Amino acid sequence: MLVIDRYKCAYCGACISVCKFNANELVETFVRVDEEKCTLCKMCVRVCPMGAISVEE
Ligand code: SF4
Ligand code: SF4
């Protein structure tokens, strides 16, 4: 599953624009991931400037 470190996230929205599956959204002060939609393609992991997103087995 996709894990977002809330303390590293700067709410820039880059991970949301890059997601082709509309699997994540910015909700107030955190990024929420819809696990049913997320394909773990890792595009958001690559674009996050803060290194806040990781994939956990
Ligand atoms: S891993 Fe891919 S599908 Fe999942 S939230 Fe990131 S960009 Fe979207
Ligand atoms: S790309 Fe990274 S810093 Fe930007 S909103 Fe997504 S998780 Fe937060």
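Within every chain, residues take consecutive numbers counted from 1 along the sequence as written. In the order they appear in the text, chains get letters beginning with A and ligands get numbers beginning with 1. Since the coordinates come from a predicted model, pLDDT governs what is reported: local features require at least 70, and pairs of side-chain atoms require 80 or more to be given and counted, while whole-chain, interface and lining totals use all residues. To get the side-chain values, all heavy atoms of the structure are used, and hydrogens and water are removed first.

Chemist: Would you explain the site of ligand 2 in this entry?
Modeler: Whether a residue is near a molecule or strand is decided by its heavy atoms; if any one of them lies within 4 Å of it, the residue is near. Surveying the vicinity of ligand 2 reveals the residues Cys9, Ala10, Tyr11, Cys12, Gly13, Ala14, Cys15, Val31, Cys48, Pro49, Met50 and Ile53. Gly is placed with the polar residues, together with every amino acid not listed as nonpolar (Ala, Val, Leu, Ile, Met, Phe, Trp, Tyr, Cys and Pro) or charged (Asp, Glu, Lys and Arg). Partitioned by chemical class, the residues of the shell around ligand 2 number 11 nonpolar, 1 polar and no charged.

Chemist: Help me understand unusual backbone geometry in this model?
Modeler: As a rule of thumb, non-glycine residues mostly have phi less than zero, and peptide bonds are mostly trans rather than cis. One non-glycine residue, Glu28, lies in positive phi territory at about 50°. In this structure, Glu28 sits in the loop between β2 (24-27) and β3 (30-33). Notably, Leu40 is not glycine yet its phi reads approximately 60°, a positive angle. With respect to the helices and strands, Leu40 occurs in the loop between β3 and α2 (43-47). The buried label goes to any residue with under 20% of its type's maximum accessible area, the exposed label to any with over 50%, and the partly exposed label to all in between, with areas taken from a 1.4 Å probe on protein chains only. You can call Leu40 partly exposed: its relative accessible area is 37%. Numbered from the N terminus, helices here are DSSP runs of H or I no shorter than four residues, and strands are runs of E no shorter than two.

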